[in-house]
Amino acid sequence: MIFSTALALLLSALLTPIIIALCKKFNWYDEVDPRKVHQGQIPRLGGVGIFTAFFISLVVYLLFFSKTNLLYALPVLAGALIIFLFGIIDDFLNLRAKLKFLVQIIAALVVSLSPLYFKSFLAFPLPQFFGRGITFCWILFLVNAYNLIDGLDLLCGGLSFITLLTAGIFMLAGGQSIGNIYIILCAAIFGFLIYNRPPAKIFLGDGGSQTLGFVISMIPIFPLQGGMEHTKLLVTILMVSIPVTDVIAAVLRRTREHRGIFSADRAHIHHKLVNIGFSKTATAVCLLIIQIFICLAALSALLMTRTKDAIILLCVCLFLVWSFFIALHYINRIVNLHHTGHLADAPQKEH
C-alpha cells in the first residue's frame, strides 16, 4: 500500500511537467473566454497525468500487493473510462454540451443498471427501480458538479483530494478494501496539485474534473460494515455539499433568468468570493478549509455509536453550508448593487 501510494505520487509529479511541455509544444491550451478568471495560455490536460499515474500504480498494487477481487467493480471502471476518454476528446474539440451530457448518461447507466446501486437510505430499504433511478441521477449530478466547480486554481483538485482521502479512511474503517484504491488515487491527485497551485501551470480539464466527479459519486455505492452502512450516503452528501449546492444554485439561477441550464456565467461560488474582494488564492484556501471541517464532521458522524446523533450532526453541518451559500449570495448582490464588484457577470449561450 505504501509503495503503490508513493509510486502514484511520483509518477503523477513526473508526468505532469511532461504533459505541460507537450501542451506548450503543440499549443494545447485552455480557452480564454469572458467567464474564465485566469489569464494567459494554460494547458488543461492535468487529468491525463493523474489517471495515467493512478492506473499504473493500481495495476502494480493489484498484481504484486493485493489479492482483492475487483470484478464486481468493473461497471465502475467502465463508466469512469467512458467519462475520461470523452472528457479528453472534449478538451481538444470542445464538444457541444448536449453531446457531453449524452455521454454522461451512458456512463451513469452502465453503473446504475449493474448490481452497484443504492439499495437503502438511513437503514430503510429502497425499491430496486427507485434505487437505480437515484443512483443514475446522483452520478450525473456529481459529474457536472465537479466539472462546474473547476474554475479556479487548486479548487477542484483540492476538494477532490480531501474528499477522497476522507472516503478512503472511512471505507477502510468500514471493512471495504476499495478504500486502498481511493488513497492511491489521492496520491496521484497530490502530484498534480504541485503544479496546479496558484498560479497554475496546468488545469484538470474536463477529462480530469468529470472523472473525479464520477469517482467521488461511487463512494456510497460500495457496502460498508455496521452502522456506517446506514449513514454513508448522508455522509457523502455532506462531503460533496460545496460543489453540489453550487450546481443546484446554478440551475436555479439560469432557470430564473430564462437561460439554458448548460449556459455559462460568472456567478459560481468561487466567482462570488473573487467578486467581493477575495484574491483567487484566498478564495481557494477558504473553500478548502471549509471542506476540511466538513470532512472532519463526516468522520465524526461515522464514529458515533448512535445513528440518530450522527444524522443530527450531518444535518446541522449541511444547514451551515447552505447558510454560507445564502449569505454569500446576498453579500455578492450588495457588492454588485454598489457597482464595486471585481468580476462582471458574463452569461453565455450553450455551445
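Position labels on residues start from 1 in each chain and follow its written sequence. This being a predicted model, a pLDDT of at least 70 is required before a residue's local features are given, and a value of 80 or more before pairs of side-chain atoms are given or counted; all residues contribute to the totals for chains, interfaces and linings. Side-chain measures were taken over the full set of non-hydrogen atoms in the model, leaving aside hydrogen atoms and water.

Peer 1: Outline the overall build of the protein chain, listing residues and values.
Peer 2: Runs of H or I in DSSP of at least four residues are treated as helices and runs of E of at least two as strands, each being numbered from the N terminus. Helices and strands together make up the secondary structure of the protein chain, namely 13 helices and two strands. Relative to its length of 351 residues, the protein chain is compact, with a C-alpha radius of gyration of 20 Å against a globular reference of 20 Å. Counting only C-alpha atoms, the protein chain reaches 55 × 50 × 35 Å along its principal axes. For the protein chain, the proportion of contacts with a sequence separation of at least 24, taken over those separated by at least 6, is 77%. We get accessible surface area from the Shrake-Rupley algorithm with a probe of 1.4 Å; when it comes to residues, only the shown protein chains can shield them. Carbon together with sulfur atoms contributes 72% to the accessible area of the protein chain, which is approximately 16200 Å² in total. We score Asp and Glu as negative and Lys and Arg as positive, and we do not count His or the chain ends. Just so you know, the charge point we use is NZ for Lys, CZ for Arg, CG for Asp and CD for Glu. Between the centroid of the 25 positive side chains of the protein chain and the centroid of its 15 negative side chains there is a distance of 3 Å. Our radius of gyration looks at C-alpha atoms and nothing else; its globule reference is 2.2 Å times the residue count to the power 0.38. In this description, contact between two residues means that some pair of their heavy atoms is separated by no more than 4.5 Å.

Peer 1: Describe in detail the pattern of salt bridges, supporting the description with residues and values.
Peer 2: Any Lys or Arg side-chain nitrogen found within 4 Å of a carboxyl oxygen on Asp or Glu counts as a salt bridge. For the structure on display, the rule yields five salt bridges. For the salt bridge of Lys100 with Asp206, the shortest nitrogen-to-oxygen distance reads 3.7 Å. Highlighted residues: Lys100 in helix α4 (residues 97–112) and Asp206 in helix α8 (residues 205–217), separated in sequence by 106 residues. Pair check on accessibility: Lys100 and Asp206 agree, each one buried. What emerges from the salt-bridge pattern is a single network uniting Asp90, Lys100 and Asp206. The cut-offs for exposure are 20% and 50% of the maximum accessible area for each residue type, with area from a 1.4 Å probe on protein chains only; residues under the lower value are buried, those over the upper are exposed, and the others partly exposed.

Peer 1: Account for the side chain of Arg44, with residues named and values stated.
Peer 2: For Arg44, the position within the fold is in the loop between α1 (2–26) and α2 (46–65). Within 3.5 Å is the distance limit for a polar contact, defined as a pair of N or O atoms, with the added protein rule that one can donate a hydrogen and the other accept it, and that residues adjacent in sequence qualify only through two side-chain atoms. At a separation of 2.7 Å, a polar atom in the side chain of Arg44 contacts the main-chain carbonyl oxygen of Asp91. Setting aside chain neighbours within four positions, we find Arg44 in contact with Trp28, Tyr29, Asp30, Asp90, Asp91, Phe92, Phe203, Leu204 and Gly205.

Peer 1: Kindly report on helix α7 (residues 178–196), identifying the contributing residues and their values.
Peer 2: Relative to the 27 Å expected for 19 residues at 1.5 Å per residue, α7 spans 27 Å between its end C-alpha atoms, a close match to the ideal helical length. For α7, the tally of buried residues reaches 17 of 19 residues, placing the bulk of the element in the interior. Under the convention used throughout, the expected extent of a helix is 1.5 Å for every residue step, that is, one less than its residue count.

Peer 1: So what's going on with the packing of aromatic side chains? Which residues, and what values?
Peer 2: Two rings belonging to Phe, Tyr or Trp (six-membered ring only in the last case) form a pair when the distance between their centres is within 6.5 Å. Interplanar angles under 30 degrees mark stacking, angles over 60 mark edge-to-face geometry, and anything in between is tilted. In total, this model carries nine aromatic pairs according to the counting rule given. When the ring of Trp28 is compared with that of Phe92, the centres are 5.1 Å apart and the planes differ by 85°; the resulting orientation is edge-to-face. Of the two residues, Trp28 sits in the loop between α1 and α2 while Phe92 sits in helix α3 (residues 74–93), which places them 64 residues apart along the sequence. Considering the side-chain rings of Tyr72 and Phe222, the 6.1 Å spacing of their centres and the 90° angle between planes classify their relative orientation as edge-to-face.

Peer 1: Lay out the nonpolar core in plain terms, naming residues and giving numbers.
Peer 2: Buried residues of nine kinds, namely Ala, Val, Leu, Ile, Met, Phe, Trp, Tyr and Cys, make up a nonpolar core once their side-chain atoms join them within 4.5 Å. Counting 96 residues, the largest nonpolar core has Leu164, Phe170, Tyr182, Phe214, Met218, Ile219 and Phe222 as its most contacted members. Here the element with the most residues in this core is α7; it accounts for twelve residues. Beyond its immediate chain neighbours, meaning those up to four positions away, Leu164 contacts Tyr182, Leu185, Cys186, Ile189, Leu212, Val215, Ile216 and Ile219.

Peer 1: Tell me about the confidence of the model for the protein chain, and please be specific about residues and values.
Peer 2: Confidence of the predictor at the level of single residues is captured by pLDDT, which takes values from 0 to 100. Across the protein chain, pLDDT averages 89, with 93% of residues at or above 70. Residue range residues 346–351 is modelled with pLDDT below 50. Its contacts to residues more than four positions away, or to other chains, number 25 contacts.

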